[in-house]
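Take a look at the letters that make up each chain.
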Amino acid sequence: MTHGILSDILDYANRANPYPLYEELRRTPVFHDGSGPYVISTYYEIQGLLHDPRLSSDARNLAATAGDPLAGEAEEEAALPPSFLKLDPPEHDRLRRMTNRPFGPPHSPRRVDGMRDDLRAIVTGLIDNLGDPGRIDLVDQFAYPFPVTMICRLLGVPREDEPRFHVWADTLAASLDPDPDADPAERQRKTHDSRMELGMYLAGLIEERRKHPGDDMLSQLAAGHGQDESMSTMELLSTAALLLIAGHETTVNLITNGMLTLLRNPDVLERLRREPELAAPLVEELLRFEPPVQLLPQRTPLVDIEVGGVTIPKGSSMWLILASGNRDPKRFENPDRFDPDRRDVQHLGLGSGIHSCFGAPLARLEAQLALTELARRLHNPRLLEDPPPYRQNAVLRGPRHLRIACDEVRSA
Amino acid sequence: MHEVTLDHLKREGRIVVVGASLAGLRAAETIRDKGFTGSLTMIGDEPYEPYDRPPLSKGVLLGKSTAERTALPRRRAIDAEWRLGTAATGLDMAARRVRLADGDEVPYDRLLIATGVRARPWPNAAEGELDGVFVLRTRDDGAALARRLDAGPRRVLVIGAGFTGSEIASACRERGVQVTVAERGDAPLVGALGGVIGAVAAELQRENGVDLRTGVMVTALEGDSTGRVRAAHLSDGTTLECDVVVVSLGAQRNTEWLAGSGLGAGPRGIACDAGCRAFDIRGIVTDDIYVAGDVARSPHPLFGYQFLSLEHWGNAVSQAETAAHNMLSVSTDRRPHIWVPAFWSSQFGVNIKSVGVPSMGSEIMIAQGSLAERRFTGVYGYQGRVIGAVTFDNARWLQFYQQQIETTAPFPVPFPTVDRRPDGHRPVPADFPDPSVPTHGPTITLSGYSPADRRMTFTPAGH
Ligand SMILES: Cc1cc2nc3c(=O)[nH]c(=O)nc-3n(C[C@H](O)[C@H](O)[C@H](O)COP(=O)(O)OP(=O)(O)OC[C@H]3O[C@@H](n4cnc5c(N)ncnc54)[C@H](O)[C@@H]3O)c2cc1C
């Protein structure tokens, strides 16, 4: 186990505000305390590494001795083959390309935009049902159900199955959020069971979609395109599981961090209420200021590489602290200031290079709609506790609850 | 003419930009960004406000966009006096005045020349004027060609398989129009990317139904009695029936208007220093005349101070910004234009990008991906260092190779990479055409000995 600053970053006590730790880290752009991972915290170094073909995302290239305190989590996916997130080209490219076909341009340029009405309807429905304006938990009542409902629509999960789906999704999400007080064996068993059940459910759904294809992504993925461009059932399962988990774990945090930031910057919240077109630049700045994925813990060099004067040996574990790069004063003026008018906002919040966030267009749209609607409909909203209680997870960082109150929920 | 101080220049000086297109516009915007409040005049011989050319051979020919909708987005208001549809016809360097076609003269304190290039016309003027014969450089060219493609021609002949010619052929195929490409070299794109990549481009064209003919020249175009083009004669003795011909033989620099001005302007462009200041004919740098974009030729420290002329969109933008910055700065604040050349193209559904100067490379290795899958990164080596790189549907890696070029990293690329295939471990000759054999470029020769009778002779493309 690591000591000092790395354990401080993982330490729950620092979850609400890890930024001072990142600032300290940046004094040593490539930090290594002798045994653990090599930690990269400065913008240009991270940006360069994300485009460096000597870096692998495939855990099989990790040396047995890499000593990564976050490595345990990878094994939980073992029930399925690694998703393209954890593969290198050419496998990565093939799977990502096929997954993109029903999702984005050039084949499906209108998929995401075509979901606008659906998204708006879900947001409206959730806000309508917030109940007592004096005690709203924005995570449980809004930020969580929104993306799960959406990903179900996208994949083509039938409405009546959504409750079952939610339970699995919750369990799997919890597995990414290790609770130090829970019995690890028990948690692992529950995670494994959920994964199996979800896998079997998806396998059944895929069979069904092969026979009766619909307009959803699973149908289109299952149909394949030509001989060399179709996914095996196992590949399809891990891709679907990846879309499910990545597709909402991050959006929950993006929306919650967003509302938290807005409530801490009431002038910006007020501006958003009056100028909904602020949503797009505001979400970009949010991805810089409070990115839902704080760090990428799964990179390893295929050969000894030199970064910022430090040689990182082949097979080492590396952490790229995106959230720290995003606040690097060498790259951004006044980095600790939340400024939606910032013009030059090439952040690392969605990664960069071949593994840059696959769901970015959807995540952006979801966050833009959600925040605009919340700003518009919550009258005089305020935080009931600041900082809010955070989730355990240091990688996918965000509040576990966001308790707020407002005078009134305006009608739609 | 008295020299104005920088402060005075910024407040009430006169800046004139000749060439109101990409480089001209971006320079003008930068000039205002730098706080210039004096008078700014934009002179352009085309009647249109600045527009973007890359879409002309892509979206416009496909009917996805129209030539009228290519106006360049404005980064800011520039509050300029526009003299559009008026060519500059001369320059009086001593009096600091630009002469216009309408007889006017415009005085300047600082001049930026961004007159770009024009399409090299078909060498036989009468044949070139046949109805159905096109070039593609301007908005009008794009609109006219798109209209003709809309009408459903029986066969299009594209002469020259460089980037523009290949993009035109691609657009034809995407529209289902029969197209023949005639190329004097051994493969498409061979001049820019060499024979190894050229072979991939050739395969790409043939697979997409292009009738690609390499190693041939078009020797004559033939019209019917109404003056419409009907056939082309090829050097291999064949005749090809076609009702549209696109001449895509590269470009000529728009420098004729500077003849006799004393500025170092000629068929190869206007030579300037790394700070974008133009040279006069004596090779002495001027203080008040700057150059940017396709018309410029500037030395690049990274490439042995070679004078590079780049017909690249990104170069035009970056060089314009540098020129604008420098013309409003004292000498110690000036910046060099050390932009690493970068280019993109899209054809036959493939996204092609390059950085550095691939054509300087003697060898190439496929560092990632595979030629057979047409998804790869090719790295060019020159005297033991990385000098350029090209990607086919692999652009996200390019930034890394750009850094390798910038840091003069060793070649062959010694380290393993993700997606390195067995055949990518060894470099092979990049296979550029022998530079001593003329392709479509013009030839320039010098003759005479004494400074007075030393002459430069310009021989247009080798027909
Ligand atoms: C069809 C096409 C496709 C392209 N695709 C790509 C691509 O995919 N990627 C890429 O990197 N680049 C591409 N380019 C190149 C890119 O468009 C040029 O590099 C860029 O336009 C250069 O800008 P410029 O301002 O230097 O010159 P230009 O755009 O040529 O502008 C010069 C202007 O000056 C005017 N002018 C000339 N002489 C005079 C005079 N005496 N008086 C007044 N005005 C004058 C000209 O009419 C013109 O309007 C493409 C070009 C074309 C034509």
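See above for the structure.
Residues numbered from 1 in each chain as written. Chains lettered and ligands numbered in written order. Predicted model: local features only at pLDDT ≥ 70, side-chain atom pairs only at ≥ 80, totals over all residues. Heavy atoms only, no water.

Comments concerning the overall build of chain A
Of the regular secondary structure elements, chain A holds 16 helices and 12 strands. In terms of overall dimensions, chain A is globule-like: its C-alpha atoms have a radius of gyration of 21 Å, near the 22 Å expected for 412 residues. With the C-alpha coordinates of chain A rotated into their principal frame, the extents come out at 60 × 55 × 45 Å. Out of the 412 residues belonging to chain A, those deemed buried represent 57%. Here the contacts in chain A between residues at least 6 apart in sequence split such that 75% fall between residues at least 24 apart. (Helix = DSSP H or I, 4+ residues; strand = E, 2+ residues; numbered from the N terminus. Rg over C-alpha atoms; globule rule 2.2 N^0.38 Å. Buried < 20%, exposed > 50% of the residue type's maximum accessible area, 1.4 Å probe, protein only. Contact = heavy atoms within 4.5 Å.)

A few points about the packing of helix α12 (residues 233-264) of chain A against helix α16 (residues 360-377) of chain A
All names here are of chain A. Where α12 meets α16, the closest approach of the two axes is 10 Å, and the angle between their N-to-C directions is 35 degrees. When the axes of α12 and α16 are compared, the crossing they make is right-handed. Residue-level contacts link Thr251, Leu254, Ile255, Gly258, Met259 and Leu262 of α12 to Ala363, Glu366, Ala367, Ala370, Leu371 and Leu374 of α16. When grouped by side-chain class, the residues that make up the contact of α12 with α16 number 9 nonpolar, 2 polar and 1 charged. (Axes fitted to C-alpha atoms, helices over the stretch in contact; angles between N-to-C directions. Left-handed = near helix turned anticlockwise from the far one by under 90°. Nonpolar A, V, L, I, M, F, W, Y, C, P; charged D, E, K, R; others polar.)

Some remarks on the site of the ligand
Residues and elements named next belong to chain B. Neighbouring the ligand are 31 residues; Asp45, Glu46, Arg53, Lys58 and Arg137 lie closest to it. At a separation of 2.6 Å, an oxygen atom of the ligand approaches a polar side-chain atom of glutamate 46. Take alanine 88: an N or O atom from its main chain is 2.9 Å from a nitrogen atom of the ligand. Bound to the protein, the ligand loses 94% of the 1000 Å² it would expose on its own. Breaking the shell around the ligand down by element, the ones donating at least two residues are α2 (22-33), β2 (39-44), α8 (313-327) and β24 (342-347). When its residues are assigned to classes, the shell around the ligand shows 15 nonpolar, 9 polar and 7 charged. (Near = heavy atom within 4 Å. Polar contact = N/O pair within 3.5 Å; in protein donor to acceptor, adjacent residues only side chain to side chain. Areas by Shrake-Rupley, 256 points an atom, 1.4 Å probe, with all protein chains shown as cover.)

So, a negative patch on the surface
A surface patch of negative charge is lined by Asp8(A), Asp11(A), Glu23(A) and Glu24(A). The topology assignment puts Asp11(A) in the loop between α1 (5-10) and α2 (19-25). (Patch = residues over 30% accessible without salt bridge, like charges linked within 9 Å, V, L, I, M, F, W, Y side chains within 5 Å. Salt bridge = Lys/Arg side-chain N within 4 Å of Asp/Glu carboxyl O. Lys, Arg positive; Asp, Glu negative; His and termini not counted. Charge placed at Lys NZ, Arg CZ, Asp CG, Glu CD.)

Side note on the pattern of salt bridges
The final tally for this structure, using the stated rule, is 57 salt bridges over all chains. In this structure, Arg400(A) engages Asp140(A) in a salt bridge whose closest nitrogen and oxygen atoms are separated by 3.1 Å. Of this pair, Arg400(A) sits in the loop between β10 (382-383) and β11 (403-405) while Asp140(A) sits in helix α7 (residues 138-143), and the two are 260 residues apart along the sequence. Among the residues examined, Asp140(A) registers a relative accessible area of 39% and is labelled partly exposed. Residue Asp193(A) pairs with Arg189(A) through a salt bridge whose shortest N-O separation is 3.1 Å. With Asp193(A) and Arg189(A) both in helix α10 (residues 184-211) and 4 residues apart, the pair spans about one turn of that helix. Of the residues examined, Asp193(A) reaches a relative accessible area of 31% and is grouped as partly exposed. Ionic contacts of the salt-bridge type, sharing partners, join the residues Glu81(B), Arg83(B), Asp102(B) and Asp104(B) into one network.

Re the interface of chain B and chain A
Counting from both sides, the interface comprises 13 residues of chain B and, opposite them, 19 residues of chain A. Counting the surface lost from both chain B and chain A, the interface buries some 1500 Å², and carbon and sulfur atoms represent 60% of this. The three residues of chain B that bury the most area against chain A are Arg396(B), Trp397(B) and Val418(B), which together make up 39% of that side's buried surface. Counting every contact that joins chain B to chain A gives 1 salt bridge. Inspection of the chain B/chain A interface yields 7 residue pairs in polar contact (both at pLDDT 80 or more). If you tally residues by element for the side of chain B that touches chain A, the top one is helix α9 (residues 398-406) of chain B, at 3 residues. (Buried area = accessible area lost by both parts, 1.4 Å probe.)

Side note on the sheet that holds strand β27 (residues 375-382) of chain B
Residues and elements named next belong to chain B. Read across the sheet, 6 strands follow the order β24-β25-β28-β27-β26-β29 without closing on themselves; strand pairing throughout is antiparallel. Pairing within the sheet leaves two strands with one partner each, and these edge strands are β24 and β29 (428-429). Relative to β29, strand β26 (residues 363-370) is paired through 2 bridges, and the arrangement is antiparallel. Each bridged residue has a counterpart across the sheet, and for glutamate 363 the counterpart in β29 is proline 429. (Pairing = 2+ DSSP bridges.)

Structural notes on the sheet that holds strand β18 (residues 265-266) of chain B
All names here are of chain B. Here 4 strands make up an open sheet; going across it, the order is β18-β19-β22-β23 and the pairing mixed. With one partner strand each, in any of the chains shown, β18 and β23 (306-308) form the two edges of the open sheet. Summarising the sheet, β18 and strand β19 (residues 269-271) pair through 2 bridges and their orientation is antiparallel. Considered in β19, the bridge of glycine 266 is made with glycine 269.

Examining the environment of Pro29(A)
When you line up the elements, Pro29(A) lands in the loop between α2 and β1 (30-31). Once residues lying within four places of it in the same chain are set aside, the contact partners of Pro29(A) are Val39(A), Ile40(A), Ser41(A) and Thr42(A).

Here's the deal with the environment of Pro358(B)
Residues and elements named next belong to chain B. Mapped onto the fold, proline 358 is located in the loop between β25 (350-356) and β26. A relative accessible area of 6% places proline 358 in the buried class. With 230 residues separating them along the chain, proline 358 and glycine 128 place their C-alpha atoms 32 Å apart. Beyond its immediate sequence surroundings of up to four residues, proline 358 is in contact with Ala192, Leu193, Tyr380, Gly388, Ala389 and Phe432.

A look at the nonpolar core
Most often, soluble globular proteins have nonpolar side chains that are buried together. Within the largest apolar cluster, 81 residues are counted, with the highest numbers of intra-cluster contacts made by Phe142(A), Phe165(A), Leu202(A) and Met259(A). For this core, the leading source of residues is α12(A), giving 14 residues. Sequence-distant contacts of Phe165(A), defined by excluding residues within four places in its chain, comprise Cys152(A), Val157(A), Leu198(A), Tyr201(A), Leu202(A) and Leu244(A). Among the nonpolar cores identified, the runner-up in size contains 72 residues, and Ala67(B), Ala169(B), Val350(B) and Ile405(B) belong to it. (Core = buried A, V, L, I, M, F, W, Y, C linked by side-chain atoms within 4.5 Å.)

With respect to the side chain of Ser316(A)
All names here are of chain A. Within the secondary structure, serine 316 sits in the loop between β7 (310-312) and β8 (318-320). In this structure the side chain of serine 316 is engaged in a polar contact, spanning 2.5 Å, whose partner is the backbone oxygen of proline 313. Every residue in contact with serine 316, bar those within four places of it in the chain, is listed here: Tyr38, Leu62, Ala66, Arg299, Thr300 and Pro301.

Comments concerning the packing of aromatic side chains
All told, the structure shown has 17 aromatic pairs over all chains when counted by the stated rule. With a centroid separation of 5.6 Å and an interplanar angle of 85 degrees, the aromatic rings of Tyr19(A) and Tyr22(A) are classed as edge-to-face. Here Tyr22(A) and Tyr19(A) lie together in helix α2, a separation of 3 residues that amounts to about one turn. Residue Tyr19(A) is classed as buried on the basis of its relative accessible area, which comes to 9%. Taken together, a centroid distance of 6.3 Å and an interplanar angle of 50 degrees make the contact between Phe279(B) and Phe307(B) tilted. One end of the pair, Phe279(B), is in strand β20 (residues 277-279); the other, Phe307(B), is in strand β23, with 28 residues separating them in the sequence. Under the relative-accessibility criterion, Phe279(B) is labelled buried at 18%. You can call Phe307(B) partly exposed: its relative accessible area is 34%. Of the aromatic side chains, those joined through ring pairs into one cluster are Tyr43(A), Tyr44(A) and Phe332(A). Between the NZ or CZ atom of Arg331(A) and the centre of the ring of Tyr43(A), over which it lies, the distance is 5.0 Å. (Phe/Tyr/Trp six-rings, centres within 6.5 Å; stacked < 30°, edge-to-face > 60°. Lys NZ or Arg CZ within 6 Å of the ring centre and 35° of its normal.)

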